[in-house]
Amino acid sequence: ETSPQVETAKKRLIDRLRGPDAPVIQPIEGTPYVVMELTARGVERLASDPTVRNVQEDRPERTQ
């Protein structure tokens, strides 16, 4: 369970990033996490945001 402050921070981050460089943004309720699909410019904007502590890329595993 997250605090109201965390939920507010997530909403503000989503509002700042929303646009053509972030075509998909989805908060994960009850956690401090947000799932996003971003362009390269969107990743730069996200990484430079002072409220962001960590950015982690999630890729599907390659099958051989």
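In this report, we go over the structure that sits alongside the text. (Residues numbered from 1 in each chain as written. Predicted model: local features only at pLDDT ≥ 70, side-chain atom pairs only at ≥ 80, totals over all residues. Heavy atoms only, no water.)

**Looking at the side chain of Asp49**
Inclusion rule: We count a stretch as a helix when DSSP gives it H or I for four or more residues in a row; a strand needs E for two or more, and each element gets its number in order from the N terminus. We call a residue buried when its accessible area falls under 20% of the maximum for its residue type, exposed when it is over 50%, and partly exposed in between, using a 1.4 Å probe and counting protein chains only. N or O atoms within 3.5 Å of each other form a polar contact, as long as, within protein, one can give a hydrogen and the other can take it, and as long as residues adjacent in sequence are counted only when both atoms are side-chain atoms. We call two residues contacting when some pair of their heavy atoms lies within 4.5 Å.
As for its position among the elements, Asp49 is in the segment after helix H2 (40-48). Classification of Asp49 as buried rests on a relative accessible area of 9%. A distance of 2.5 Å separates a polar atom in the side chain of Asp49 from a polar atom in the side chain of Thr51. Ignoring sequence-local partners within four residues, the contact set of Asp49 consists of Leu13 and Arg16.

**Some remarks on the layout of surface pockets**
Keep this limit in mind: Note on definitions: the grid is 1 Å and covers protein atoms alone; a cavity is a set of points where a 1.4 Å probe fits but cannot get out; a pocket is an open set with protein on both sides within 12 Å along at least five of seven lines; lining residues have an atom within 4 Å of a point. Grid points are joined across faces, edges and corners, and a volume is the space filled by probe spheres set on the points. Under the convention adopted here, Pro, Cys and the residues Ala, Val, Leu, Ile, Met, Phe, Trp and Tyr are nonpolar, Asp, Glu, Lys and Arg are charged, and Gly plus all remaining residues are polar.
Taken as a whole, the largest pocket encloses approximately 990 Å³ of empty space. The wall of the largest pocket is formed by 22 residues, among which Pro32, Tyr33, Val34, Asn54 and Val55 lie closest to the centre. Looking at the lining of the largest pocket, the elements that each hand over two or more residues are helix H1 (4-17), strand E2 (34-37) and H2. Looking at the lining of the largest pocket residue by residue, the classes come out as 14 nonpolar, three polar and five charged.

**Observations regarding a nonpolar patch on the surface**
Quick note on the threshold: Residues with no salt bridge and a relative accessible area higher than 30% make up the patches, which join like charges within 9 Å and nonpolar side chains (Val, Leu, Ile, Met, Phe, Trp, Tyr) within 5 Å. The Shrake-Rupley method, run with a 1.4 Å probe sphere, supplies the accessible areas, and residue values consider only the shown protein chains as cover. Whenever Lys or Arg places a side-chain nitrogen within 4 Å of a carboxyl oxygen from Asp or Glu, that contact is recorded as a salt bridge.
Residues Ile28, Tyr33 and Val35 make up a contiguous nonpolar surface patch of about 290 Å² in total accessible area. Within the element layout of this structure, Ile28 appears in the loop between strand E1 (24-27) and E2.

**Here we look at the pattern of salt bridges**
Under the counting rule described, the total for this entry stands at four salt bridges. The partner of Lys10 in a salt bridge is Glu7, and the shortest N-O contact between them spans 3.3 Å. Linking Lys10 with Glu7, this pair stays in helix H1, spanning three residues, or about one helical turn. Ionic pairing is found between Asp21 and Arg41, a salt bridge with its closest N-O pair at 3.6 Å.

**Some thoughts on the environment of Tyr33**
Note on placement: Tyr33 falls in the loop between E1 and E2. Sequence separation between Tyr33 and Thr2 is 31 residues; the distance between their C-alpha atoms is 10.0 Å.

**Topic: the nonpolar core**
Which entries qualify depends on this criterion: Among buried residues, those of type Ala, Val, Leu, Ile, Met, Phe, Trp, Tyr and Cys that are joined through side-chain atoms within 4.5 Å constitute a nonpolar core.
In this structure, Leu13, Ile14, Leu17, Ala22, Ile25, Met36, Leu46 and Val52 together form the largest nonpolar core, which totals eight residues. Take this core: its biggest share by element is three residues, from H1. The contact partners of Leu13, leaving out residues within four places of it in the chain, are Met36, Leu46, Asp49, Thr51 and Val52.

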